[in-house]
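Results of the structural survey
Single-letter residue listing:
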Amino acid sequence: MTTPIIVGNWKMNGLSADSADRVKSLLAALAERPATGTEIVICPPFTQLGLLAPQLKGTPVALGAQNCHMDEKGAHTGDIAPGMLTDLGVSHVILGHSERRRDHGEVDETVREKAVAAAKAGLTPIVCIGETEDQRQSGEAQDTIGWQIKGSLPDGFTGVVAYEPVWAIGTGLAATPDDIKSTVAFIRAELVRQFGESGKTLRILYGGSVDAGNAASILAIPDVAGALVGGASLKPDAFLSIVYAVPAR
Ligand SMILES: O=C(CO)COP(=O)(O)O
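Residues numbered from 1 in each chain as written. Predicted model: local features only at pLDDT ≥ 70, side-chain atom pairs only at ≥ 80, totals over all residues. Heavy atoms only, no water.

The condition is simple: UniProt positions are given in the numbering used here, feature names are shortened, and annotations may be inferred rather than shown by experiment.
Per an unreviewed UniProt entry, the protein chain goes by Triosephosphate isomerase and derives from Acetobacter fallax. As recorded by UniProt, the Subunit (unreviewed entry) comment attached to the protein chain reads in full: "Homodimer." Under the Subcellular location (unreviewed entry) heading, UniProt states for the protein chain: "Cytoplasm".

As structure tokens, this is what we get:
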């Protein structure tokens with residue numbers, strides 16, 4: 001059976017005090033009302049990982065990073081190796097987010113290399129794919145996603161795929177459940193084409209303006225295993241509403 005997964009991507013938000021408070025609120029609520037059977041991951045900025053790791057140890061909330069390098073170590077000023085993340089107790093890593101593709105020249109090939117390195121270090125890669133508004137308008141959404149799947153996911157991939165239409169990120173305009181359903185069906189078909197049997201069980205998340213109001217309708221889509229949440233993950237109440245909106249399957 002597929003384990004649902006809700007991932008909070010804090011992006012470039014969080015100083016020591018507010019991060020610790022946010023985690024404290026999450027843990028207190030989850031102690032009162034556990035979300036048994038749902039994997040919950042928060043991905044704060046690198047600077048918070050070492051501080052939050054002890055707070056999260058032994059709790060139902062796992063710790064993720066927002067990027068990593070593809071090399072184990074070496075002359076890469078300002079970069080973080082996968083093994084440095086596991087060393088802190090990090091278990092997941094977001095790779096190929098559209099904001100990194102946009103701001104840092106991240107391309108499918110580097111995402112793939114990072115996914116290999118992350119898995120080798122014992123991290124679960126969460127690889128992001130999704131079309132821009134221009135690609136959508138010009139009818140290239142599926143081609144784009146198809147290429148991203150081929151290019152970003154390495155052989156033997158066992159991580160998580162996050163479908164995040166770029167136009168839906170941070171806009172308050174989530175894709176409609178019908179659109180998500182048809183795109184996820186396309187992604188599933190591509191995964192099966194690329195990976196055979198194992199492509200049938202890889203988890204697919206949706207991300208892009210998921211909030212407390214729309215989470216239930218998105219998470220009810222049969223092949224959507226969870227959500228990658230940006231803005232709403234900074235508000236414990238909203239994030240918890242999304243966690244609790246996971247349907248029993
Ligand atoms: O990019 C996202 C998560 O990775 C989505 O961000 P928002 O939920 O703020 O739209």
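**Let's talk about the site of the ligand**
Inclusion rule: Any residue with at least one heavy atom within 4 Å of a molecule or strand is counted as near it. Polar contact criterion, stated in full: a pair of N or O atoms within 3.5 Å, where within protein one must be able to donate a hydrogen and the other to accept it, and residues adjacent in sequence count only if both atoms are side-chain atoms. Methods summary: accessible areas were calculated by the Shrake-Rupley approach with a probe of 1.4 Å, and residue burial reflects only the protein chains presented. Three classes are used, and their members are as follows: Ala, Val, Leu, Ile, Met, Phe, Trp, Tyr, Cys and Pro are nonpolar, Asp, Glu, Lys and Arg are charged, and the others, Gly among them, are polar.
Around the ligand lies a shell of 13 residues, among which Lys11, His97, Gly170, Ser209 and Gly231 are the nearest. In this structure, an oxygen atom belonging to the ligand sits 3.0 Å away from a side-chain N or O atom of Asn9. In this structure, an oxygen atom belonging to the ligand sits 2.7 Å away from a main-chain N or O atom of Ser209. Isolated, the ligand exposes 310 Å² of accessible area, and the fraction of that covered by the protein chains is 95%. Looking at side-chain class alone, the shell around the ligand contains four nonpolar, seven polar and two charged residues.

**Section: the packing of helix H1 (residues 16–32) against helix H10 (residues 236–244)**
Note the threshold: For helices, the fitted axis covers only the stretch in contact; all axes are lines through C-alpha atoms, and the angles between them, taken along N-to-C directions, range from 0 to 180 degrees. Note on conventions: DSSP H or I runs of at least 4 residues are helices, E runs of at least 2 residues are strands, and numbering of each starts at the N terminus. Reported orientations rely on four angle classes, namely roughly parallel under 35 degrees, roughly antiparallel over 145, roughly perpendicular from 65 to 115, and oblique for the rest. By convention the crossing between two helices is left-handed if the near helix lies anticlockwise of the far one by an angle smaller than a right angle, and right-handed if it lies clockwise. For this analysis, residues touch if any pair of their heavy atoms sits within 4.5 Å.
H10 packs onto H1 with a crossing angle of 40° between their chain directions and a minimal axis gap of 10 Å. Taken together, the axis directions place H1 and H10 in an arrangement best described as oblique. Handedness of the H1/H10 crossing: right-handed. Contact residues: Arg22, Ser25, Leu26, Ala29 and Leu30 in H1; Pro236, Phe239, Leu240 and Tyr244 in H10.

**Concerning the sheet that holds strand E8 (residues 226–229)**
What counts, and what does not: Whether two strands pair depends on DSSP finding at least two bridges between them.
Taken in spatial order, the eight strands close into a barrel running E1-E2-E3-E4-E5-E6-E7-E8, and their pairing is parallel. Taking the axes of each pair of neighbouring strands and ignoring which way they run, one obtains an average angle of 25° across the sheet. Looking at chain direction, strand E5 (residues 124–129) and strand E6 (residues 160–163) are connected through four bridges and run parallel. Its bridge partner being in E6, Cys128 is matched across the sheet by Ala162.

**Quick notes on the pattern of salt bridges**
Where we set the bar: In the sections that follow, a salt bridge refers to a side-chain nitrogen of Lys or Arg positioned within 4 Å of a carboxyl oxygen of Asp or Glu. Partly exposed describes any residue whose relative accessible area lies between the buried limit of under 20% and the exposed limit of over 50%, with all areas from a 1.4 Å probe on protein chains only and scaled to the type maximum.
One pass over the full model with this rule turns up 12 salt bridges. The shortest N-O distance in the salt bridge between Arg22 and Asp18 comes to 3.2 Å. You can see Arg22 and its partner Asp18 sitting in helix H1, four residues apart, about one turn around the helix. For Asp18, a relative accessible area of 32% corresponds to the partly exposed category. Through salt bridges with shared partners, a single network forms among Arg100, Glu106 and Lys114.

**A look at the UniProt feature "binding site: substrate" (unreviewed entry) in the protein chain**
UniProt records the feature "binding site: substrate" (unreviewed entry) for Asn9, Trp10, Lys11, Gly170, Ser209, Gly230 and Gly231 in the present numbering. Taken along the chain, the residues just named run across 223 residues; in space they keep tight, none of their C-alpha pairs more than 13.8 Å apart. Here Asn9 falls in the buried class, since its relative accessible area comes to 5%. Residue placement: Gly230 occurs in the loop between E8 and H10. The class for Gly230 is buried, based on a relative accessible area of 18%.

**What about the UniProt feature "active site" (unreviewed entry) in the protein chain?**
The positions that UniProt labels "active site" (unreviewed entry) are, in the present scheme, His97 and Glu164. Considering the C-alpha atoms alone, the annotated residues occupy 68 residues of sequence yet fold into one spot, their largest mutual distance being 8.4 Å. Here His97 shows up in the loop between strand E4 (92–95) and helix H4 (98–104). Relative to the elements of secondary structure, Glu164 occurs in the loop between E6 and helix H8 (177–195).

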